[in-house]
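Breakdown of the fold
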Amino acid sequence: MWKPIAVVVPVGLLIAGVVAYSRHMPLLPPPAGPWPETGTFLIFLCEDDSARGWERCEGGGAATVEETRGIERALASLPEITSYGRRTREEALAIARQDYRVGELITVDNMPDVAYGGTLARGDWRALLRELADLPGVGVVDTHRDNFWWGKADVSVTLCPEDAAHRFAKRCEGRARATESEKEAVLDRIRALPGVEKIYVEDPAHAAKVRDHAEWMMPFGGGDLAELPEAFYLKLADTGTYPQVEKSLAGMAGVAGVTAVARP
């Protein structure tokens with residue numbers, strides 16, 4: 001497997017799985033840290049539609065006005081919650097998609113109508129979840145630690161994994177991991193883009209570590225790394241150039257997706 005190295009190598013040189021790169025743009029391993037201890041949360045309220053199967057909502061209807069007020073009072077009083085508010089279905093989906101298992105399996109049309117979301121400081125999140133889940137009118141509560149890459153990179157270029165399950169199935173179905181020649185082509189395109197300051201390379205093992213940190217309640221653990229991709233993470237001189245980066249890289253052979261690395 002090719003790996004990032006931090007020394008300068010002449011363009012065009014390939015040695016046993018190491019991808020060639022510009023003498024001005026070395027491939028870097030992921031930063032050592034920091035690993036975030038803050039996070040985000042999402043609360044879905046009970047609805048009239050009982051088809052979602054939320055156990056806490058069985059036997060009742062949608063959250064009442066008084067129940068909603070009680071939820072808001074709790075959100076305002078809990079010390080771990082640093083910000084909160086009503087979220088649109090689009091905003092709630094962006095928070096929910098931090099869960100690797102969700103990916104593109106759900107869309108805005110699948111999202112509940114009423115959700116609250118916000119940010120969390122360090123603290124006893126398990127106790128926080130229990131308290132929120134016990135509030136009348138609450139259907140589902142979810143939390144994520146902040147993504148390791150926030151603040152370290154601006155764009156992720158995810159490559160097709162060995163097993164195109166979950167979020168990568170549409171773009172990578174029926175094929176294996178991105179080949180070395182496909183990776184080289186993607187890197188050539190990245191190097192041709194203006195304003196790329198750094199290129200980090202993440203292997204599946206580090207992707208698993210990142211996922212475990214964010215999904216602190218349901219870690220990936222010793223799962224099958226075949227489901228996890230390799231990726232390039234790019235630091236840009238100007239984040240406003242992201243649309244140009246996405247347009248240039250999306251759809252290339254071996255690319256599962258190009259996304260902005262930003263808090264939802």
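Residues numbered from 1 in each chain as written. Predicted model: local features only at pLDDT ≥ 70, side-chain atom pairs only at ≥ 80, totals over all residues. Heavy atoms only, no water.

Considerations on the nonpolar core
Selection rule: What makes a nonpolar core is a set of buried Ala, Val, Leu, Ile, Met, Phe, Trp, Tyr and Cys residues whose side-chain atoms join them at distances within 4.5 Å. In this scheme, a residue with accessible area under 20% of its type's maximum is buried, one over 50% is exposed, and one in between is partly exposed, where area comes from a 1.4 Å probe on protein chains only. Secondary structure elements are taken from DSSP: a helix is a run of H or I of four residues or more, a strand is a run of E of two residues or more, and numbering for both begins at the N terminus. Residue contacts are defined here by distance: any two heavy atoms, one from each residue, within 4.5 Å place the two residues in contact.
Membership of the largest hydrophobic core comes to 22 residues, with the highest contact counts inside it found for Val155, Val157, Ile190, Ile199, Phe232, Leu234 and Leu249. Of all the secondary structure elements, the ones that give two or more residues to this core are strand 6 (155-159), helix 5 (180-192), strand 7 (196-202), strand 8 (231-236), helix 7 (242-249) and strand 9 (255-260). Once residues within four sequence positions are removed from consideration, leucine 249 is found in contact with Val157, Val186, Arg189, Ile190, Leu193, Leu234, Val255 and Val258. Ranked by size, the runner-up nonpolar core spans 19 residues in total, among them Phe41, Leu45, Val141 and Trp216.

Points about the sheet that holds strand 3 (residues 81-87)
Going by this rule: Strands were regarded as paired on the criterion that DSSP finds at least two bridges between them. Axes, fitted as lines to C-alpha atoms, cover a helix only where it is in contact. Angles between the N-to-C directions of the axes lie from 0 to 180 degrees.
Taken in spatial order, the four strands line up as 3-4-2-5 in an open sheet, and their pairing is antiparallel. Of all strands in the sheet, those bounded by a partner on one side alone are strand 3 and strand 5 (138-145). Averaged over neighbouring strand pairs, the angle between their axes works out to 15° when direction is ignored. Relative to strand 5, strand 2 (residues 39-45) runs antiparallel, the two sharing seven bridges. Within strand 5, the residue paired with isoleucine 43 across the bridge is valine 141.

Points about the state of the cysteines
This is how it is decided: Pairs of cysteine sulfur atoms within 2.5 Å are what we label disulfides.
All told, the structure shown has two disulfides when counted by the stated rule. A disulfide bridge connects cysteine 160 with cysteine 172, and the sulfur atoms are separated by 2.1 Å. Every disulfide takes its handedness from the sign of the S-S torsion; for cysteine 160 and cysteine 172 that torsion is -75°, giving left-handed. With cysteine 160 in the loop between strand 6 and helix 4 (169-172) and cysteine 172 in helix 4, this residue pair connects regions lying twelve residues apart in the sequence. On the basis of relative accessible area, cysteine 160 is assigned to the buried category, the value being 1%.

Some remarks on helix 2 (residues 89-96)
Here is the rule we go by: What the arc describes is the spread of directions from the helix axis to the C-beta atoms.
Of all the residues in helix 2, the buried ones are Ala92, Leu93, Ile95 and Ala96. Projected down its long axis, helix 2 carries its buried residues within an arc of 160°, all on one side. For helix 2, the secondary structure elements touched by its buried residues are strand 2, strand 3, strand 4 (115-120) and strand 5.

A word on the packing of aromatic side chains
Counted only if it meets this: Two rings from Phe, Tyr or Trp (for Trp, the six-membered ring) form a pair when their centres are within 6.5 Å of each other. A pair whose planes differ by under 30 degrees is stacked, one over 60 is edge-to-face, and the rest are tilted. As a reminder, the over-ring test applies to NZ of lysine and CZ of arginine, requiring each to be within 6 Å of the ring centre and within 35 degrees of the ring normal.
As enumerated under the stated definition, the model contains six aromatic pairs in all. Plain terms: the ring middles of phenylalanine 44 and tryptophan 54 are 6.2 Å apart, the flat faces sit at 15° to each other, and that makes the pair stacked. With phenylalanine 44 in strand 2 and tryptophan 54 in the loop between strand 2 and helix 1 (65-77), the pair connects residues that are ten residues apart, well separated along the chain. For the pair phenylalanine 44 and tryptophan 54, a shared accessibility class is recorded, and that class is buried. Each residue in the set Trp35, Phe148, Trp149, Tyr200 and Tyr233 is aromatic and connected to the rest through ring pairs, giving one cluster. The ring of phenylalanine 148 is capped by lysine 152, whose NZ or CZ atom sits 4.1 Å from the centre of that ring.

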